[in-house]
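# Results of the structural survey
As a plain string of letters, each chain reads:
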Amino acid sequence: MASFSMEEFVGDGCLKKLLPRLLEEGWDDVPTLKLMNSDDMAALGMTQQQKDSLRIRSYLHDRALMQYADKLDASGKGLPELLNLGSVDLFSRFGMKRGHIARFLDRTGPASNEPHSKLLVSARRGPSPWRTSSTHSRSLESFSSINKVSSFASRSSPPARISSSYFDRSLEQSLAEIKIKEDYVFKGILAAGPAEPRACGCVQPPQVTEKVAPYYAIENISVKKLMSEYKIGMEWNVKAKTATVKASELWRDKPAVLLCMRRPGCIMCRAEAHQLYSRKPIFDALGVQLFAILHEHIESEVKNFWPRYWGGVVLLDRGMEFFKALGGGKLMKDSFISGFLLNPIARANYRRAKTVGVDQSFKGEGEIKGGLFIVGSGKSGIAYQFIERNFGDWAPIAEVIEICTKLQIQRHSHGGTKSSRSSNEFD
């Protein structure tokens, strides 16, 4: 799977000399750089070779084929010319493997990693911090996320010196990739994977909570920052001493998505983190911060995880309090045998991650399940909670963005926030 390191993305080709300028102009992370269009390239004075290189590398990054970037870049051909080459030429000239050739020539876009909606079930139980209707399961009212996100994005402040086109054409194009279908059924603010019997019904899946965690269960959790948000030129500083902060400080002024990871070396956890962080420009436009939360600190595992699979802030929850909150006050655990070998859903999740080229490591505790929180700014509470019932279950990205859009609508309806503080303040 393609790395979020800017240095690895630009490689040793003609884009390397542009790195200082990209940093100066605010194009300082891979997801944002990939949204650059022709007007933005012209504003930077990029040569045709540099434009071709960026388009090639963005295309390869989407398809996890960055190992061929330098060779294709050095060919002097543009992306359309390369796509018109035959399989024999791609193999003989660039050493591309047969399976990789098929992926490269597939112009329909990167394969979706979203699990099918029918494999996900949810329950909306009890009163929520921002909606207090009946206690039985019900869905949220659907609305057009694309128009609303684009509308609010245009009113947001763009990154320094980046043209406004970043927030109209490029962002709208990215949103179109995760557009929610008209018949999509929202799973509410509490969601989890399916609870299907295992081993022909001989083993029952563990139960999960049916209630959203109360806000008081997470607001006073102590977390320690292991890694800052990745920017060009950042050096590995996991040994640097950082202060422990109260969790409520993370979302004091801006909503936050908290990805609680079972293990940073897990192939399924890495794939989930990668697909979430790849939408960073959308979350930036919505004014939502991204945090990855670990429950144990193994330095080598963090180093292999950041920034390759996740370029955002990485936090340590040593007391596992976020993970307990996901489980209704206790840790959700499952064994390798019953939770994976005897669980067809978990094995399917593994195959899904394996197909996108993710490496894996087996270091660390892997039986404590994670999930995802979306927390509103201030004390507005938990807007969404996803529980990893089966190993490798992902919160649907379309639903995560839809909930974040609702939060932004609420923030604007209440006059916005008091400041522009973000995760960078915790650097």
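Residues numbered from 1 in each chain as written. Predicted model: local features only at pLDDT ≥ 70, side-chain atom pairs only at ≥ 80, totals over all residues. Heavy atoms only, no water.

### Looking at the packing of aromatic side chains
Test applied: For this analysis, a ring pair means two rings from Phe, Tyr or Trp (six-membered ring only for Trp) whose centres lie within 6.5 Å, classed as stacked if their planes differ by under 30 degrees, edge-to-face if by over 60, and tilted for the remaining angles. Secondary structure elements follow DSSP: runs of H or I no shorter than four residues count as helices, runs of E no shorter than two count as strands, and numbering proceeds from the N terminus. Think of it in three bands: residues with accessible area under 20% of the maximum for their type are buried, residues over 50% are exposed, and the middle band is partly exposed, with areas taken using a 1.4 Å probe on protein chains only.
Enumeration according to the criterion identifies 8 aromatic pairs in this entry. Ring geometry for F4 versus Y277: centroids 4.8 Å apart, planes at 75°, classification edge-to-face. In this pair, F4 is assigned in the segment before α1 (6-10) and Y277 in helix α12 (residues 267-277), connecting sequence segments 273 residues apart. Taking relative accessible area as the criterion, F4 reaches 2% and is therefore assigned buried. With centroids separated by 5.8 Å and ring planes inclined at 75°, the aromatic side chains of Y230 and W306 adopt a geometry described as edge-to-face.

### Description of unusual backbone geometry
With omega at 0°, the peptide bond leading from W306 into P307 counts as cis. Positive phi outside glycine occurs at A64, with the angle close to 55°. Residue A64 is classed as buried on the basis of its relative accessible area, which comes to 17%.

### Observations concerning the confidence of the model for the chain
In plain terms, the rule: pLDDT expresses, on a scale from 0 to 100, how confident the predictor is about each individual residue. Throughout, a residue-residue contact means that at least one pair of heavy atoms, one from each residue, lies within 4.5 Å.
Summary statistics for the chain give a mean pLDDT of 79 and a share of 75% for residues scoring 70 or more. Considering only residues more than four positions removed or in separate chains, one finds that residues 417-427, a stretch of pLDDT under 50, has 23 contacts.

### Description of the pattern of salt bridges
Note the following rule: Each salt bridge in this description consists of a side-chain nitrogen of Lys or Arg and a carboxyl oxygen of Asp or Glu lying within 4 Å of one another.
Taken as a whole, this structure holds 18 salt bridges when the rule is applied. In this structure, the salt-bridge partner of K231 is D28, at a minimum N-O distance of 3.4 Å. One end of the pair, K231, is in the loop between β3 (222-227) and β4 (244-246); the other, D28, is in the loop between α2 (19-25) and α3 (30-33), and 203 residues separate them in sequence. For D28, a relative accessible area of 13% translates into the label buried.

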